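Below are the chains, spelled out letter by letter.
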Amino acid sequence: TGSNLSNLIATVIVFLIVIYFQGFRVELNITSRKVKGYQQKYPIKLFYTSNVPIILQTALISNLYFVSQIVYKRFKGNLLVRLLGTWQEHEAGGQSYPVGG
C-alpha cells in the first residue's frame, strides 16, 4: 500500500543520508606549548551513528501521519492533501487508518 511504500522510501533516504554524513571528519591541529613546532592532527567524526537515526525517522513518519490525518479531515477535496495521505475512519472505534496517498 501507499503508507508502506512511503515508510520504505523514508527509511532508504535516512539510510543514505546517514551513510553520507558518517564519512565527514574534521581534523583538529593540536600544538604543544612545551615542545616548540610540535603539531599533531586529531580526527573527529561529525556524525556519530547509533540508533538515533532510526528514532528520528520513526518520529518523522509519525509526525507526517499526524499532520496528514489532521489536514485530510479539514480539506478532503484538495489534490495536494490527497497526495499527502487519504484516511478512512474505522466503523467500530472511530479511529482513522491510512488507505492511500
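Residues numbered from 1 in each chain as written. Predicted model: local features only at pLDDT ≥ 70, side-chain atom pairs only at ≥ 80, totals over all residues. Heavy atoms only, no water.

J.: Even after reading the chapter, I still don't get the packing of aromatic side chains, so can you show me in this structure?
T.: Both the distance between ring centres and the angle between the ring planes are used here to describe each pair of aromatic rings. According to the stated counting rule, one finds 2 aromatic pairs in the structure shown. Both rings, one in Y20 and one in F24, keep their centres 5.2 Å apart while their planes meet at 70 degrees; by these two values the pair is edge-to-face. For Y20, a relative accessible area of 54% gives the class exposed. Measuring from ring centre to ring centre gives 5.8 Å for Y65 and W87, while their planes differ by 90 degrees; the resulting arrangement is edge-to-face. Of this pair, Y65 sits in helix α2 (residues 52-74) while W87 sits in strand β3 (residues 86-89); the two residues are 22 residues apart in sequence, bridging distant segments of the chain. Since its relative accessible area comes to 11%, W87 is described here as buried. (Phe/Tyr/Trp six-rings, centres within 6.5 Å; stacked < 30°, edge-to-face > 60°. Buried < 20%, exposed > 50% of the residue type's maximum accessible area, 1.4 Å probe, protein only. Helix = DSSP H or I, 4+ residues; strand = E, 2+ residues; numbered from the N terminus.)

J.: What is the right way to read the pattern of salt bridges from this model?
T.: Any two side chains of opposite charge can pair, on the condition that their charged atoms come close. Within the structure shown, the criterion is met by 1 salt bridge. Of the charged contacts in the structure, one is a salt bridge between E27 and K41, with a shortest N-O distance of 3.9 Å. Of this pair, E27 sits in strand β1 (residues 25-31) while K41 sits in strand β2 (residues 39-45), placing them 14 residues apart in sequence. Across the pair, K41 and E27 agree in class, each one exposed. (Salt bridge = Lys/Arg side-chain N within 4 Å of Asp/Glu carboxyl O.)

J.: In this structure, what is going on with the pairing of β3? I would like to understand it.
T.: The two faces of a sheet get side chains in turn, since along a regular strand they alternate between them. Relative to strand β4 (residues 96-100), β3 runs antiparallel, the two being bridged by 4 bridges. Directly across from W87, in β4, lies its bridge partner P98. Between β3 and β4, which pair antiparallel one after the other, the connecting turn spans 6 residues, and G94 there sits at a positive phi close to 80 degrees. (Pairing = 2+ DSSP bridges.)

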